[in-house]
Amino acid sequence: MILRDQTSMTTYSDLYAKAQSDIEGFWMEAASGIDWYKAPTQALDSSKPPFHRWFPDGEMNTCHNAVDRHVAAGRGDQRAVIYDSPITGTSSTLTFAELQEATARFAGMLQRLGVAAGDRVIIYMPMIPEAVVAMLGCARLGAVHSVVFGGFAAAELAKRIDDATPKAIISASCGHEPSRIVAYKPLLDEAIELSSHKPHSCVIYQREALAADLVEGRDLEWHAAHEGAPALDPVPVKATDPLYILYTSGTTGQPKGVVRDNGGHAVALQWSIPNIYDVKPGDVYWAASDIGWVVGHSYIVYAPLIAGCSTVLFEGKPIGTPDAGVFWRVIQDHDVKVLFTAPTAFRAIKRADPDAEFLVKYDTSSLTHLFLAGERADPDTILWAQDKLKVPVIDHWWQTETGWSICANPVGIEMLPVKLGSPSVPMPGYEIDILGEDGSIKAAGDLGAIAVKLPLPPSCLPTIWRADAAFIEKYLTTFPGYYETGDAGYKDEDGYLYIMARTDDVINVAGHRLSTGQLEEVLAEHPDVAECAVIGVADELKGQLPLGLICLYPNCVKPVDEVCAEAIDLVKGRVGRVSAFNLVVAIDRLPKTRSGKVLRGTMAKIADGEEWAMPATIDDPVILDEIAAALKTIGYPK
Ligand code: COA
Ligand code: AMP
């Protein structure tokens, strides 16, 4: 197993140059960091551009790499999963040997239910160890999992059921949020009712706080389903076979099914742990995120386990479970070496405990680095965390589509100077250009669309689930020869990237990606709403919040406040509470250009109290004054 890049290259720039000049050599060497049943003879297959595949003739199993090989190497007794749930007051561990047994039985159970390699399995679960077992158990069998975040509503789950067409769904009776128990099973039942595709079986883990009703003939209780199930060995799959589908927001209400392959993913994640995070086998790695997001897939489950680390599965919040000291307590209790979370989590802690008074109660000396991603890391938060924790705070930039960082400071290779506001430099395999609308390459310091030259490195999406044409259209068409990230920004003279904004209608709420187009589609369904727009407004805690502007039909007889409240309920009920949709204001008309384009950017600037210029193409300038007045009624600008 490669602990760190073993070549004679030791600096970031040498390593990066090697990865760009010798793609085959670099990634074949990285591939030796994982176990193969059939070692690949080739790294990159570019025979069918614009589709690129990694390790085309290799065969391996991701669960074997994350679990069995560590048991075989004599580390069966090491903690693999450390479950810490301040929200339920429980904590437990699974060793690698126990995880092997659990995933083997789970895979055997799935097989007995008729699930085979290549079949899809949806996992709709809270942050409990069984969710990790389910993900790895699918990988063991070669089944393709699709984890759906618990904060999504039934209609969103239904869309994913219809797109992924799972044979089985794995769920739990409930999740725990600080102020309430979230009953998952009724949401699952409703989603199956709504979807056209019906799964053959559902396996339900019954949690103590709430028992779910089971549907006879379809639902099985977790333990009963496992009874007498054979322990299955990992099934060899092609490196190019899909490991999972993870849905992410696009510009419309239809989420995109990002596909992750097995081989490229395992190789890239294995490479990342020592080289980016400076963590070695046996160390404790904690990504305080949720398995429903890509950070959870890559850095709660796959990367740390593939690299032989112990991973922390934290079912709680940065504040309120019970207090703003819980992160420090977890670091102390489990000897956490690296913590990875979203800036929002630290903004929440900073707000609740500005002087970090809780910190003195705990020993956090095991921590060497704090990594942040998921949204822009504001300098204030970085400096606060650095000052209080006394460790380097590293911002890195990535997306659901890539599965690992596009830009980072690779502290395991060499700690580069940190520049506040920048997630640092491109990782091996990512060649980044800043492009103008005409595709021309911008000079250092100039703002433009951030694009990555094809081929993308291992782990990046090979396609969208069953939608090759959409993959090309959404990512590869605007700038031929490039992958369009959807982010805008610039590079400085030293090659450091600065991520400034999205180029599409995606907003980032507490590190979660939301599509304003999707929220608009739901709002427009309200019978009294004639027209609407959703914009992202700045929020001190969550980075951005969605704000809906609705125009009511002239014959609407309901009080405006009532319609606004109903609109909020509609979005939360349809998309889920994760939408954090709490701001709606009624206006008479939407501001548009003469060609009919809604001026969302200008409205967002007005709401944020930023300087804005009257667009030359606006059809009626007075509307913007009316909107400013309407926004004032709900306290914007802040
Ligand atoms: N199941 C059901 N509901 C969920 C849920 C889940 N798994 N996760 C969140 N929700 C609900 C919350 O209860 C909340 O509901 P409410 O608005 O009705 O109270 C809503 O979804 C919004 O959740 P969230 O954005 O998490 O806000 P919060 O107020 O509960 O917590 C923070 C605020 C800052 C503590 C929280 O956003 C956080 O920990 N952020 C870290 C970011 C993160 O992990 N990002 C992942 C990508 S790296
Ligand atoms: P997701 O796919 O949900 O992880 O969201 C990815 C998006 O989050 C990116 O395209 C960026 O817009 C944003 N993002 C992620 N990490 C960072 C970062 N370090 N700095 C700025 N934006 C980020």
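Only a predicted model underlies this, so the values are computations on that prediction, with no experimental measurement involved.

Definitions and limits used
Residues numbered from 1 in each chain as written. Chains lettered and ligands numbered in written order. Predicted model: local features only at pLDDT ≥ 70, side-chain atom pairs only at ≥ 80, totals over all residues. Heavy atoms only, no water. Domains from an automatic or database assignment. Contact = heavy atoms within 4.5 Å. Buried area = accessible area lost by both parts, 1.4 Å probe. Salt bridge = Lys/Arg side-chain N within 4 Å of Asp/Glu carboxyl O. Polar contact = N/O pair within 3.5 Å; in protein donor to acceptor, adjacent residues only side chain to side chain. Helix = DSSP H or I, 4+ residues; strand = E, 2+ residues; numbered from the N terminus. Nonpolar A, V, L, I, M, F, W, Y, C, P; charged D, E, K, R; others polar. Pairing = 2+ DSSP bridges. Axes fitted to C-alpha atoms, helices over the stretch in contact; angles between N-to-C directions. Near = heavy atom within 4 Å. Areas by Shrake-Rupley, 256 points an atom, 1.4 Å probe, with all protein chains shown as cover.

## Some thoughts on the domain arrangement of the protein chain
When the parts of a complex come together, some accessible area is lost, and that lost area is often used as the size of the interface.
Reasoning step 1: Segmenting the protein chain into domains produces domain 1 (3-316 + 396-488) and domain 2 (506-632).
Reasoning step 2: The C-alpha-based centres of domain 1 and domain 2 are spaced at 33 Å.
Reasoning step 3: Between domain 1 and domain 2, the residue contacts involve 19 residues of the former and 15 residues of the latter.
Reasoning step 4: Taken over both partners, the interface formed by domain 1 and domain 2 buries close to 1,200 Å², and the fraction arising from carbon and sulfur atoms is 47%.
Reasoning step 5: Three residues, Arg180, Ser249 and Trp293, lead the burial of domain 1 against domain 2; their summed loss comes to 33% of the area buried on that side.
Reasoning step 6: For glutamate 401, the salt bridge is made with arginine 513, and the minimal N-O distance between the two is 2.8 Å.
Reasoning step 7: Between domain 1 and domain 2 we count 8 residue pairs in polar contact (both at pLDDT 80 or more) in total.
Reasoning step 8: Sorting elements by how many residues they give to the side of domain 1 that touches domain 2 places helix 6 (residues 154-164) first, with 3 residues.
Reasoning step 9: Looking at side-chain class alone, the side of domain 1 that touches domain 2 contains 5 nonpolar, 9 polar and 5 charged residues.

## Digging into the pattern of salt bridges
Reasoning step 1: If you walk through the whole model with that rule in mind, you get 35 salt bridges.
Reasoning step 2: The partner of arginine 105 in a salt bridge is glutamate 101, with the nearest N and O atoms 2.8 Å apart. Of the two residues, arginine 105 and glutamate 101 both sit in helix 4 (residues 96-112), 4 residues apart, roughly one turn of that helix.
Reasoning step 3: One network of salt bridges, in which partners are shared, links Lys185, Asp189, Arg218 and Asp219.

## Details of the sheet that holds strand 23 (residues 432-435)
Reasoning step 1: With respect to topology, 4 strands assemble into an open sheet ordered 23-24-25-26, the strand pairing being antiparallel. Because the sheet does not close on itself, it has two edges, and the strands there are strand 23 and strand 26 (497-502). Direction aside, neighbouring strands of the sheet carry axes that sit 50° apart on average.
Reasoning step 2: By the bridge criterion, 5 bridges tie strand 24 (residues 448-453) to strand 25 (residues 482-491) in an arrangement that is antiparallel. Within the sheet, the bridge partner assigned to valine 452 lies in strand 25 and is tyrosine 483.

## Side note on the site of ligand 1
Reasoning step 1: Contacts to ligand 1 come from 21 residues, most closely from Glu177, Lys317, Pro318, Lys542 and Arg577.
Reasoning step 2: Between an oxygen atom of ligand 1 and a side-chain N or O atom of lysine 317, the distance comes to 3.1 Å.
Reasoning step 3: A distance of 2.7 Å is found between an oxygen atom of ligand 1 and a side-chain nitrogen or oxygen belonging to arginine 577.
Reasoning step 4: Within the complex, the protein chains bury 82% of what would otherwise be the 930 Å² of accessible surface of ligand 1.
Reasoning step 5: In this structure, the shell around ligand 1 is formed jointly by two domains, domain 1 (3-316 + 396-488) and domain 2 (506-632), each of which donates at least three residues.

## Some points on the site of ligand 2
Reasoning step 1: The full set close to ligand 2 counts 15 residues, and His396, Thr400, Asp487, Arg502 and Arg513 are the nearest of them.
Reasoning step 2: The contact in question runs from a nitrogen atom of ligand 2 to an N or O atom on the backbone of glycine 374, over 3.1 Å.
Reasoning step 3: In the environment of ligand 2, an oxygen atom lies 3.3 Å from a nitrogen or oxygen atom belonging to the side chain of asparagine 508.
Reasoning step 4: For ligand 2, whose accessible area on its own is 490 Å², the fraction buried by protein is 92%.
Reasoning step 5: Among the residues forming the shell around ligand 2, the class breakdown is 4 nonpolar, 5 polar and 6 charged.

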